[in-house]
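Now for the letters of each chain:
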Amino acid sequence: MSRAQYVIVGAGPAGLNAVESIRAQDRQADIKLVSVEPAYARMALPYYLSGRIERAHLLTADPAYYDRHGVEPLVGQRAVSLDTGSRQLRLSDGQVLAYDKLLLAPGSSPTVPPIPGRELPGVHTFWTLDDADRVIQAAVSQPEALMVGAGFVGLIVLSAMLKAGWRLHVTEMLPQVLPRMLDRAAASLVSDWLRARGVQVHTETQVIAIQETPSGRKRVLMESGSQIEVDVVIVATGVRPNVDLAQAAGLQVESGILVNEYLQTSDRNVYAAGDAAQGPDRLGGPRAVHAIQPTATDHGRLAGANMAGQSVAYPGSLSMNILDVMGLHCVSIGRWDARGLESSTAADHSRALYRRLVWEEDRLVGAVLVGPSPDLALVNDIGMAKGMIQAQVHLGAWRRYIESNPWDLRRPFTAARVTELLLNEPAILGPSRPRIYRFRDLQVESEFRPTHSQLLRARPEALVPPIPAPPLR
Ligand SMILES: Cc1cc2nc3c(=O)[nH]c(=O)nc-3n(C[C@H](O)[C@H](O)[C@H](O)COP(=O)(O)OP(=O)(O)OC[C@H]3O[C@@H](n4cnc5c(N)ncnc54)[C@H](O)[C@@H]3O)c2cc1C
């Protein structure tokens, strides 16, 4: 029998997880991986920018990896057209690859509004390794930058630049920072936090032009009439799934490439995964693009298994953004902005704490959590809120308890046995594997720290003073 031919487009987390998944199912298959860029961890670019990891540590696959997985890498090649009838993919160098099963995992690309001056040197996007190299090279002494767009990527990059010693401005055309991730109250905490760290925050204003000054700096003209002069402008106004190849081939596309619960597109031999795919939503909403790393990883693993003959249905991705803005955790999960649902909020401005919990009867369906990153209790609560939303557990009387004790999610989480519910779910093909990138200044500990083992030994009544809690319904 001839060997199955698999072709994968894109060497991001979706593509690499698919490679590993196919290889785990089929030792003989012929696997080709086509990618414009080499394989690297896009989400680790901010750590490279701030100097915390080396460039080489960003790479997630090297010749040894391809050998080990028996993959033919076609790196530097772009897939330019697809004929689903004859099952052939044409590459930018003219070669044509035949496939039995094809995965499209081409990710997304930044969108840049038509601002006059956007093509000037010193005006960048921040999405690729090349972008990161250009911004690092542009750092003069005491560099100053303007971030156009205060969304998720904009603020991650801004935080990395602050660590690297840049002076910073950020503009946002909407009335608040992180408009697609936080409500107004949470966003105002973030703006105050940024300003307290020396960042100039300009909301409700648009950049109308960028000019070059005689000294080579950039003069940015704002709709409000003000001007900002900086060394570098970074445009982070959003990204768009790379759907062109799929669309031209006649596959069904909406905001992304439409896939069913098996990650299959409208053509049964073509699968799609990651930022480019519009797939099932964990909370039962319409199919959605959730352009985050965990979704890309799950999509890739499942698509790979199904391409290789398994029949594993995907429970759906959870919309989730977790961001550390200069030491302030900002998190939104699930249907945090759904209209018509009840929500409860709590805030302690003096400690930069904020929470909004969104309810559908006694189920938590969405959450916004903000608070200082070193607060371990907050980190635990983020995980517990995510678990409750993911498990869609009926909390019964614990809903009222949470509403009157919004800083204590641990008790309801434990009482409702969320961990047990999640552990009983069939795992998607076992735990995922760590990638190569690592911190320069952090040792990964294989042993528990003393504090951790003390915590494990402690008696619960010594840790938590007893307070009345409602019985679980
Ligand atoms: C600065 C930054 C920070 C981020 N931080 C986080 C974070 O903290 N948490 C999080 O969850 N997510 C984060 N993300 C998002 C995360 O990186 C993406 O969701 C993830 O990389 C998507 O994986 P993917 O495999 O779908 O696509 P990608 O990683 O984008 O990989 C797609 C690959 O396909 C290649 N390609 C595209 N078109 C073609 C073609 N026609 N032919 C051949 N190859 C092609 C591209 O060159 C690319 O290498 C961040 C992103 C950025 C830019």
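Residues numbered from 1 in each chain as written. Predicted model: local features only at pLDDT ≥ 70, side-chain atom pairs only at ≥ 80, totals over all residues.

**Some words on the overall build of the chain**
Keep this limit in mind: Numbering of helices and strands runs from the N terminus; a helix is a DSSP stretch of H or I covering at least four residues, while a strand is a stretch of E covering at least two. Counting other C-beta atoms within 10 Å of each residue's C-beta, where C-beta atoms are placed from the backbone, gives the exposure class: buried for 20 or more, exposed for 12 or fewer, partly exposed between. Contact between residues is assigned whenever the C-beta positions, reconstructed from backbone atoms, fall within 7 Å.
In terms of helices and strands, the chain carries 14 helices and 25 strands. The buried share of the chain, taken over its 473 residues, is 40%. In the chain, 65% of the contacts between residues at least 6 apart in sequence involve partners at least 24 apart.

**Considering the sheet that holds strand β6 (residues 96–98)**
Note the following rule: Any two strands with at least two DSSP-identified bridges between them are counted as paired. Think of each axis as a best-fit line through the C-alpha atoms, taken over the contacting stretch in the case of a helix, with angles from 0 to 180 degrees between the N-to-C directions.
The strand order β4-β5-β6 describes an open sheet built from three strands, whose pairing is antiparallel. Each end of this open sheet is capped by a strand with a single partner; those strands are β4 (79–83) and β6. On average, each strand axis in the sheet is inclined to that of its neighbour by 25°, with strand direction left out of account. Pairing between β4 and strand β5 (residues 88–91): four bridges, direction antiparallel. Across the sheet, Ser81 pairs through a bridge with Arg90, a residue of β5.

**Section: the nonpolar core**
The line we're drawing: A set of buried Ala, Val, Leu, Ile, Met, Phe, Trp, Tyr and Cys residues, joined through C-beta atoms within 7 Å, is what we mean by a nonpolar core.
In this structure, Leu103, Val157, Val190, Ile234 and Ala273 are the most contacted members of the largest nonpolar core, which totals 126 residues. Sequence-distant contacts of Ala273, defined by excluding residues within four places in its chain, comprise Ala14, Ala18, Leu103, Ala105, Leu263, Ala296, His299, Gly300 and Ala303.

**Regarding the sheet that holds strand β15 (residues 227–230)**
Read across the open sheet, the three strands follow the order β13-β14-β15; overall the sheet is antiparallel. Two strands close off the open sheet at either side, each with one partner strand: β13 (207–212) and β15. In this sheet, adjacent strand axes meet at a mean angle of 20° when their direction is disregarded. Pairing analysis gives four bridges linking strand β14 (residues 218–222) to β15, with the strands arranged antiparallel. Bridged to Leu221 within β15 is Gln227.

**Looking at the packing of helix α1 (residues 13–25) against helix α8 (residues 293–307)**
Formally: Under this scheme an angle from 65 to 115 degrees is roughly perpendicular, one under 35 degrees roughly parallel, and one over 145 degrees roughly antiparallel; angles in between are oblique. Left-handed describes a crossing in which the near helix is turned anticlockwise from the far one by less than a right angle; the clockwise case is right-handed. The residue classification treats Ala, Val, Leu, Ile, Met, Phe, Trp, Tyr, Cys and Pro as nonpolar and Asp, Glu, Lys and Arg as charged. All others, Gly included, are polar.
For the pair α1 and α8, interaxial distance at closest approach is 7 Å and the crossing angle is 30°. Taken together, the axes of α1 and α8 are roughly parallel relative to one another. Remark: the crossing between α1 and α8 carries right-handed chirality. From α1, Pro13, Ala14, Gly15, Leu16, Asn17, Ala18, Val19, Glu20, Ser21, Ile22 and Gln25 reach across to α8, where they touch Gln293, Ala296, Thr297, His299, Gly300, Arg301, Ala303, Gly304, Ala305 and Met307. Partitioned by chemical class, the residues of the contact of α1 with α8 number ten nonpolar, nine polar and two charged.

**Quick notes on the site of the ligand**
In plain terms, the rule: Each residue receives a C-beta atom built from its backbone; the residue is near a molecule or strand if that atom lies within 6 Å of it. Segmentation into domains, and thus their bounds, comes from an automatic or database assignment.
Close to the ligand lie 34 residues; Gly10, Gly12, Pro106, Gly107 and Gly274 are nearest. Among the elements of the structure, α1, β2 (30–35), α2 (45–49), α5 (152–163) and α8 are those that each provide at least two residues to the shell around the ligand. When residues of the shell around the ligand are sorted by domain, at least three fall in each of domain 1 (5–109 + 240–307) and domain 2 (123–237).

**Here we look at the pairing of strand β11 (residues 167–172)**
Put simply, the rule is: Note on handedness: a clockwise path from strand one over the helix to strand two, with the strands aimed away from the viewer, defines a right-handed crossover.
Both strand β10 (residues 144–148) and β11 contribute to a ladder of five bridges, which runs parallel. Bridging from a neighbouring strand, Glu144 pairs with Arg167 of β11. Here β11 pairs with strand β12 (residues 200–203) via four bridges, running parallel. Residue pairing for β12: Glu172 is matched across the bridge by Thr203. For the segment spanning β11, helix α6 (residues 184–196) and β12, crossover handedness is right-handed.

**Thoughts on helix α9 (residues 376–391)**
Operational definition: Helix span, as expected, comes to 1.5 Å for every residue beyond the first.
In a regular helix each residue adds 1.5 Å, so 16 residues correspond to 22 Å; α9 covers 23 Å between its end C-alpha atoms and thus fits that length. Among the residues of α9, Asp381, Met384, Ala385, Lys386, Met388, Ile389, Gln390 and Ala391 are the ones counted as buried. Those residues of α9 that are buried lie in contact with β21 (320–325), β22 (328–334), β25 (363–372), α11 (410–415) and α12 (418–423). Where α9 ends, the next residue or the one after it, Gln392, has phi of about 50°, a positive value.

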